[in-house]
Amino acid sequence: MDALTDAGLDGETVAANEAAATDLERIHPAGHVRRILEASPAAGLNHLDPDTVLSPGSVRAARLAAGAALDAVRSVARGERKRAFCAVRPPGHHAEPDRAMGFCLFSNLAIAACAAQGLGLARVAVIDFDVHHGNGTQAAFEADDSLFLGSIHQSPLYPGTGEASETGVGNIVNAPVAPHTDPRAWRSAFEGRLMAGLDAFRPDLVLISAGFDAHRRDPLAHQSLEAEDFAWATRAVLTVARRHAKGRVVSSLEGGYDLEGLGLSAVAHVQALAEE
Ligand SMILES: [Zn+2]
């Protein structure tokens, strides 16, 4: 937030609303939603798994994170704006329909994608450049050919899924890259696999799972991207979104665990997102 403010990118900030249970149930079974909503401890911590730990404020934060994507998508669907960036935590792309995991409680962008479809944007794509595979989004999308996921991620790495052979009903494109991949090779995979697939899908709306943990400073993975690589990837998405989706793009923060790398990358991403 400080990085965005310092870069003068906080001019049109909108506070998020908490996602309603009925919205969370667009992806997650009602019983699972109820269990998560009741899982925040009154004090101390509650471990759902070794990575996914709730404090007293976690459920409210997760409802706001999902709610931010919902608010943004609804605003874009109504034609009030064309782009938005959701500066949220916790992330969402590891949360499967019936399982919270990998710091993620709710599948923020899958929920927003279903809401967008309900507002007339029939074909919704998610581009996921977080360094980890978007297994939760894939689990939500893999049987529905009106939805598309393109994920580029390091392999081997948590959560261990995302092989190129995982293609859903022809609507999933996975581009695993090896540790220490040259940024030029990363760009080539992003363009040749993800952007080619996105263009062929002809989306009405593009969502971005914007994780910045492929930055060279990040402690959780071994990629070598710089902030300008994320700006480049953002412009590549915009090119396809202008062609098919009237330029409609909603981006939501996923990972990114080095604060300096995260700030620099988020600023480069939002600046690119704001270009006409
Ligand atoms: Zn990640």
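Refer to the structure printed above.
Quick summary incoming for the structure in this document. The shown structure was predicted, so the numbers you read here are calculated from the model rather than taken from an experiment.

A short note on the coordination of the zinc ion
The protein atoms that coordinate the zinc ion are Asp130 (OD), Asp130 (OD), His132 (ND1) and Asp213 (OD), at distances spanning 2.0 to 2.7 Å. In this structure, the zinc ion is surrounded by four donor atoms whose angles at the metal cover 53 to 153°, and the resulting shape is irregular.

Comments concerning the packing of aromatic side chains
For any pair of aromatic rings, the description rests on two quantities: the centre-to-centre distance and the angle between the ring planes. All told, the structure shown has seven aromatic pairs when counted by the stated rule. Relative to Phe230, the ring of Phe129 has its centre 5.4 Å away and its plane inclined at 45°; by these criteria the two rings are tilted. Placement of Phe129 in the loop between strand S4 (124–128) and helix H6 (135–141) and of Phe230 in helix H8 (residues 227–244) is noted, with a sequence separation of 101 residues between them. Each residue in the set Phe129, Phe212 and Phe230 is aromatic and connected to the rest through ring pairs, giving one cluster. Lying across the ring of Phe201, Arg123 places its NZ or CZ 4.2 Å from the centre.

What to know about the packing of helix H7 (residues 183–201) against H8
Taken N-terminus to C-terminus, the directions of H7 and H8 make an angle of 15°; their axes are 11 Å apart at the nearest point. When the axis of H7 is compared with that of H8, the two are roughly parallel. Crossing angle aside, the handedness with which H7 passes H8 is right-handed. In this structure, H7 contributes Pro183, Trp186, Arg187, Phe190, Glu191, Met195, Leu198 and Asp199 to the contact, and H8 contributes Glu228, Asp229, Trp232, Ala233, Ala236, Val237, Val240, Arg243 and His244. Per-class residue counts for the contact of H7 with H8 are ten nonpolar, one polar and six charged.

Considerations on the packing of helix H4 (residues 58–77) against helix H5 (residues 108–118)
Running from N to C, H4 and H5 cross one another at 35°; their axes reach a closest spacing of 9 Å. Remark: the crossing between H4 and H5 carries right-handed chirality. Facing Ala62, Ala65, Ala66, Ala69, Leu70, Val73 and Arg74 of H4, the residues of H5 in contact are Asn108, Leu109, Ile111, Ala112, Ala115 and Ala116. Here the residues of the contact of H4 with H5 sort into eleven nonpolar, one polar and one charged.

Side note on the environment of Arg243
Relative to the assigned elements, Arg243 resides in helix H8. For Arg243 and Ser224, which are 19 residues apart along the polypeptide, the C-alpha to C-alpha distance reads 30 Å. A distance of 2.9 Å separates the side chain of Arg243 from the side chain of Asp199, its partner in a polar contact.

Notes on unusual backbone geometry
Cis geometry is adopted by the peptide bond preceding Pro90, which originates at Arg89 and carries an omega value of 5°. Relative to the assigned elements, Pro90 resides in the loop between strand S3 (83–86) and H5. In this chain, Tyr158 is followed by Pro159 through a cis amide linkage whose omega measures 0°. Secondary-structure assignment places Pro159 in the loop between strand S5 (147–154) and strand S6 (172–177). At Arg202, a position not held by glycine, the phi torsion is positive, near 55°. Position of Arg202 relative to the elements: it lies in the loop between H7 and strand S7 (205–210).

Conventions used here
- Residues numbered from 1 in each chain as written.
- Predicted model: local features only at pLDDT ≥ 70, side-chain atom pairs only at ≥ 80, totals over all residues.
- Heavy atoms only, no water.
- Donors = N, O, S within 2.8 Å, 3.2 Å for Na, K, Ca; no water.
- Tetrahedral: all angles 85-135°; square planar, octahedral: opposite > 155°, others 65-115°.
- Phe/Tyr/Trp six-rings, centres within 6.5 Å; stacked < 30°, edge-to-face > 60°.
- Helix = DSSP H or I, 4+ residues; strand = E, 2+ residues; numbered from the N terminus.
- Lys NZ or Arg CZ within 6 Å of the ring centre and 35° of its normal.
- Axes fitted to C-alpha atoms, helices over the stretch in contact; angles between N-to-C directions.
- Parallel < 35°, antiparallel > 145°, perpendicular 65-115°, else oblique.
- Left-handed = near helix turned anticlockwise from the far one by under 90°.
- Contact = heavy atoms within 4.5 Å.
- Nonpolar A, V, L, I, M, F, W, Y, C, P; charged D, E, K, R; others polar.
- Polar contact = N/O pair within 3.5 Å; in protein donor to acceptor, adjacent residues only side chain to side chain.

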